[in-house]
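Listed below, chain by chain, are the residues.
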Amino acid sequence: MKKEIPKADFAIIGGSGTFSIDFPEDLETEGIQLLETDLTFDTPYGESPIFKLFSIGDKEILTCRMHGWRKDIRRGMASRQLFWVLKEAGVKKIIGEGGVGSMNRLLDPRDIVIPTDFIDFTDRKDALILCEHLLVMRQPICPQIHLALLTSAQRRHTGRIFERGIYLVTEGPRFESPAEISMMSRWGADIVGQSLAPEVYLARDIGACYAGLYMVVNYAEGVVKDWSHGELRDIFYQESRKVAGILVDALISITKSQKGCGCMAFRKPTLLKE
Ligand SMILES: [Zn+2]
């Protein structure tokens, strides 16, 4: 149902890590209240993906599934629709998640990585909305949300958690070939996936802080050994509640204030005025 875009300070962008459950309804976290479902909005880039609005305490949170991607809509456009809605809602803190492949040979499936940097190898790089600022990427990830995700992950995840790493973003939707991974692994990335960009710089474009939590679901091609679709499927179904719980715990522990994290200092006035 098309409605006015509601105000919300927070957003959680769901990925493959929470796709197999109804988020947030399936969580047992106390205080979650589902306010609205099936929300779609008009945007200058076409109709938005479907959102839900929920609250925890005095926080209101917009959320959508699978990065807002839909069949037959280019991903760069889907991201713009999504972030247009977040901008209009006044969102200040955004948490993302997704499954990733391991390029670093020390990583295994079910490890959690909370990356600190990225390489954008997509062709979605001009997917901005405001384009009113020079977006400096010296500190792409919000250190406060990052710390909140790390602390929550340490409480809920008994496996390994890596608090830094470089996320290489590919265009997708297919996975990479062994030769591509071999080439890209020399660039120094630890994990490979399809979602951290453009989300991380669209967040800065609209004046919001961003951090994401990513579970390793497979070895990248040619790394360690051939990965198994069975394990990928098991992770998809077995780990969703935990990933969702980590995101919500992190969200409970952060505030909407952007004082102190420094992210907005990297959103400079543009010198390219017409
Ligand atoms: Zn920040």
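Before reading further, recall that the structure is shown in the block above.
Residues numbered from 1 in each chain as written. Predicted model: local features only at pLDDT ≥ 70, side-chain atom pairs only at ≥ 80, totals over all residues.

(A) Region of interest: the overall build of the protein chain. Within the protein chain, the secondary structure is distributed over six helices and 15 strands. The C-alpha radius of gyration of the protein chain comes to 18 Å, within 12% of the 19 Å expected for a compact globule of 274 residues. Taken over 274 residues, the protein chain has a buried fraction of 47%. Counting only contacts in the protein chain whose residues sit at least 6 apart along the sequence, the fraction spanning at least 24 positions is 83%. (Helix = DSSP H or I, 4+ residues; strand = E, 2+ residues; numbered from the N terminus. Rg over C-alpha atoms; globule rule 2.2 N^0.38 Å. Buried ≥ 20, exposed ≤ 12 C-beta atoms within 10 Å, placed from the backbone. Contact = placed C-beta atoms within 7 Å.)

(B) Just unusual backbone geometry, in detail. Cis geometry is found at the peptide bond from Gly 172 to Pro 173, where omega equals 0 degrees. With respect to the secondary-structure elements, Pro 173 resides in the loop between β12 (166-170) and α3 (178-185). Residue Pro 198 is bonded to the preceding Ala 197 through a cis peptide linkage, with omega at 5 degrees. The residue Pro 198 is located in helix α4 (residues 196-205) in this model. Within the chain, Asp 72 stands out as a residue other than glycine whose phi angle is a positive 70 degrees. We classify Asp 72 as exposed; it has 4 C-beta atoms within 10 Å. Here the phi dihedral of Val 224 falls at roughly 65 degrees; this positive angle occurs in a residue that is not glycine.

(C) Molecular detail of the environment of Asp 42. As for its position among the elements, Asp 42 is in strand β3 (residues 42-43). Taking the number of C-beta atoms within 10 Å as the measure of exposure, Asp 42 has 14 and is therefore partly exposed. On a C-alpha basis, the gap between Asp 42 and Glu 4 in space is 8.9 Å, while along the polypeptide they are 38 residues apart.

(D) Summary view of the nonpolar core. Within the largest apolar cluster, 78 residues are counted, with the highest numbers of intra-cluster contacts made by Ala 11, Leu 86, Ile 94, Leu 149, Ile 191 and Leu 247. The element that contributes the greatest number of residues to this core is strand β14 (residues 209-219), accounting for nine residues. (Core = buried A, V, L, I, M, F, W, Y, C linked by C-beta atoms within 7 Å.)

(E) Just the packing of helix α1 (residues 75-89) against α4, in detail. As a packed pair, α1 and α4 sit with axes 10 Å apart at the nearest point and diverge in direction by 35 degrees. The element α1 and its partner α4 pack so that their crossing is right-handed. For the pair α1 and α4, contact is made by Gly 76, Ser 79 and Phe 83 and by Pro 198, Glu 199 and Leu 202, respectively. Across the contact of α1 with α4, the residue classes break down as three nonpolar, two polar and one charged. (Axes fitted to C-alpha atoms, helices over the stretch in contact; angles between N-to-C directions. Left-handed = near helix turned anticlockwise from the far one by under 90°. Nonpolar A, V, L, I, M, F, W, Y, C, P; charged D, E, K, R; others polar.)

(F) Geometry of α1. Taking 1.5 Å as the rise per residue, α1 with 15 residues should run 21 Å; its terminal C-alpha atoms sit 21 Å apart, in good agreement. In terms of residue burial, α1 counts as a mostly covered element, since eleven of its 15 residues are buried. Among all positions in α1, only Arg 75, Ala 78, Ser 79, Arg 80, Gln 81, Leu 82, Phe 83, Trp 84, Val 85, Leu 86 and Ala 89 are buried. In the segment just after α1, Gly 90 is the residue with positive phi, at about 80 degrees. (Expected span 1.5 Å × (residues − 1).)

(G) Quick peek at the packing of helix α2 (residues 143-156) against helix α6 (residues 240-253). Contact pair α2 / α6: the axes reach a minimum separation of 8 Å and the direction vectors enclose 130 degrees. Classified by the angle their axes make, α2 and α6 are oblique. Like other packed secondary-structure pairs, α2 and α6 cross with a definite hand, here right-handed. Here Ile 145, Ala 148, Leu 149, Thr 151, Ser 152, Ala 153, Arg 155 and Arg 156 of α2 lie close against α6, whose contacting residues are Lys 242, Gly 245, Ile 246, Asp 249, Ala 250 and Ser 253. (Parallel < 35°, antiparallel > 145°, perpendicular 65-115°, else oblique.)

(H) Examining the pairing of strand β7 (residues 93-102) more closely. Most of β7 sits inside the fold, with ten of its ten residues counted as buried. Relative to β14, β7 runs parallel, the two being bridged by ten bridges. Paired with Ile 94 across the strands is Tyr 210, a residue of β14. Of the pairings in the sheet, the one linking β7 to strand β13 (residues 191-193) comprises two bridges and is antiparallel in character. Bridge pairing links Ser 102 to Ile 191 in β13. (Pairing = 2+ DSSP bridges.)

(I) Representation of the environment of Gly 260 in the model. Topologically, Gly 260 is positioned in the loop between α6 and β15 (267-269). Assessed through the 9 C-beta atoms surrounding it within 10 Å, Gly 260 is described here as exposed. On a C-alpha basis, the gap between Gly 260 and Glu 163 in space is 20 Å, while along the polypeptide they are 97 residues apart.

(J) Broad picture of the environment of Val 91. Along the chain, Val 91 falls in the loop between α1 and β7. C-alpha of Val 91 to C-alpha of Lys 7: the two residues are 84 residues apart in sequence and 7.7 Å apart in space.

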